[in-house]
Amino acid sequence: MRVAGLAAALLFALSPAVGLAQSVPDKTPGADDPDAKESVTSRVPLEEIRRFVAVYNAVRAAYVDPVDDRKLMQSAVRGLLLDLDPHSTYFDKADAEAFDEQATGAYEGIGVELLQQDGVLKVVSPIDDTPAARAGLRANDLIVAIDGKPIDAIEAMEPLRGPAGSQVVLTIERGEEKPFDVTVTRETIRVTSVRSRMLEPGYAYVRISTFQADTGADFQKHIAQLQAQAGGKLKGLVLDLRSNPGGLLTAAVQVADDLLEQGGIVSTRGRISVSDAKFEATPGDLMKGAPVVALVDAGSASASEVLAGALHDNRRARIVGSRTFGKGSVQTVLPLDNGDSVKLTTARYYTPSGRSIQATGIVPDVELAPDPANATRDMPAALADFSEAKLPGHLRGDDEASGVASGVVLPGDGPIQSALRELKQPGSLAARPAAAAKPEAKAPSVGVTVPTKPEAKAQPAGATVPAKPEDAKPETVDSDK
């Protein structure tokens, strides 16, 4: 994998911005000159800072109850990101540690990706083979109470985390159904991001549920094992990215590189030139040229869209499924000197053809649809808003258009069989605008690329200047997720 420009472009994306934020006027305007202006080199909005200090002091002095200085300042710092895009957030120390756990894939909880909206927790994705998935939680379910307490009366997701073996009761709203309770037993969640099996002799199936630090290495191991089962060479691969919420951008790039001999993978562009980067493939296709079909749906987001876009634009794979989520932005995680972190959107990413999928998603070559007879019973009732374009405050996409229908979630084995038919006979599904897929009885595992950490809300927030900006971590989730 080659990276044009600076290899650490994402890591240092905020460093120049920090410098600008700290710059001061060459000469402070005279207090006795009402017409004096700040030096053009100043980047500090002094009038706005004075207004902030005035409000801060007013709250400290006159609010009906005493307010702790640290708590008040923490709220002010969080507010810096309040009106930015939904993926920019501030993590306190506990949330930052939990966010890191997501990248490594081990924590104690129920195993679910969540997004906080309007006083409820929206299920983005129950992670495969976790207590949340086994309890029947579904994408788009709304958690309105935890252990009988309304969401707005508790500390967000904290009750979802807890010692393995303990239980938590969730009150769920699902479509038009009456609210109901689900009891979930917490476990130590060790998320396995890659799974595989043989569909037919010579035809392999690999499922990537999220992109973690070890996803690339695991993908290589699974391909090697499948090739050994096939006698040395595979006839084709179904790569399942359905409901993959994203994760580490570098992991998605590594998997793309493993399937490409040459060509671009993804590029990133931000306001600051140092955040621009371009990733290109190096020789060495693990599949040795055998055909690939990538299976996606509305829950495929962020890093999974990077992978699908790279394979599609390089004509390495046909994309089958439904329109993807449409998260085309990259987040950089900056650790702060007090243990907190800031996750800030610093760039947009572009597929090898130069296309941004922000708020539009990737449209498959072959579109599938869930079985209408089972859609109301086995699928979330409100999938119309299941996309980046429907998130409040999302970044405007280059090609975003109103009225474009969102994709749908495609659970079960039906889409896999459709992808296999397309793999064996390219174009065999093209005559049908949408193939029916029979969902499994169990809940689908879906997710957005909203880079949220498991059982932790994406909190609106603000940043302080890190002591060591060079310690920033590239998006995950993207970063994602």
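Coordinates for the structure precede this section.
Residues numbered from 1 in each chain as written. Predicted model: local features only at pLDDT ≥ 70, side-chain atom pairs only at ≥ 80, totals over all residues. Heavy atoms only, no water.

(A) Focus on helix α8 (residues 303–313). With nine of its 11 residues buried, α8 lies for the most part within the structure. Taken as a whole, α8 has its buried residues at A303, S304, E305, V306, L307, A308, G309, A310 and L311. Where α8 is buried, its residues meet β13 (236–240), α7 (249–259), β14 (264–269), β16 (292–296), β17 (317–321) and β19 (341–350). In the stretch just after α8, R315 is the one whose phi turns positive, near 55 degrees. (Buried < 20%, exposed > 50% of the residue type's maximum accessible area, 1.4 Å probe, protein only. Helix = DSSP H or I, 4+ residues; strand = E, 2+ residues; numbered from the N terminus. Contact = heavy atoms within 4.5 Å.)

(B) The arrangement of the pattern of salt bridges in detail. The final tally for this structure, using the stated rule, is 14 salt bridges. Residue R51 is joined to E48 by a salt bridge in which the shortest nitrogen-to-oxygen separation is 2.5 Å. In this pair, R51 and E48 both sit in helix α2 (residues 46–62), three residues apart, roughly one turn of the helix. Here R51 falls in the partly exposed class, since its relative accessible area comes to 46%. Among the salt bridges present, the one from D240 reaches R207, with a minimum N-O distance of 3.7 Å. Note that D240 is positioned in strand β13 and R207 in strand β12 (residues 203–208), a separation of 33 residues in sequence. (Salt bridge = Lys/Arg side-chain N within 4 Å of Asp/Glu carboxyl O.)

(C) Local environment of the nonpolar core. If you look at the biggest cluster of nonpolar residues, it comprises 44 residues, and the most contacted ones within it are V206, I208, F211, F219, L237, L239 and I265. Of all the elements, α7 adds the most residues to this core, at seven residues. Other than its neighbours up to four places away in sequence, I208 contacts S193, V194, T215, F219, L239, D240, L241, N244 and V255. Residues L137, I154, L160 and I172 belong to the second largest nonpolar core, which totals 17 residues. (Core = buried A, V, L, I, M, F, W, Y, C linked by side-chain atoms within 4.5 Å.)

(D) Summary view of the packing of α2 against helix α3 (residues 69–79). Where α2 meets α3, the axes come as close as 11 Å, and the angle between the chain directions of the two elements is 145 degrees. Handedness of the α2/α3 crossing: right-handed. Every residue of α3 that contacts α2 at F52, Y56, V59 and R60 is listed here: D69, L72, M73 and A76. Grouping the constituent residues of the contact of α2 with α3 by class yields six nonpolar, no polar and two charged. (Axes fitted to C-alpha atoms, helices over the stretch in contact; angles between N-to-C directions. Left-handed = near helix turned anticlockwise from the far one by under 90°. Nonpolar A, V, L, I, M, F, W, Y, C, P; charged D, E, K, R; others polar.)

(E) Unusual backbone geometry, seen in detail. A positive phi angle, near 55 degrees, is found at D147, a position not held by glycine. Looking at the secondary structure, you find D147 in the loop between β6 (142–146) and β7 (149–150). Positive phi, close to 55 degrees, is recorded for K288, a residue that is not glycine. Along the chain, the position of K288 falls in the loop between β15 (277–280) and β16.

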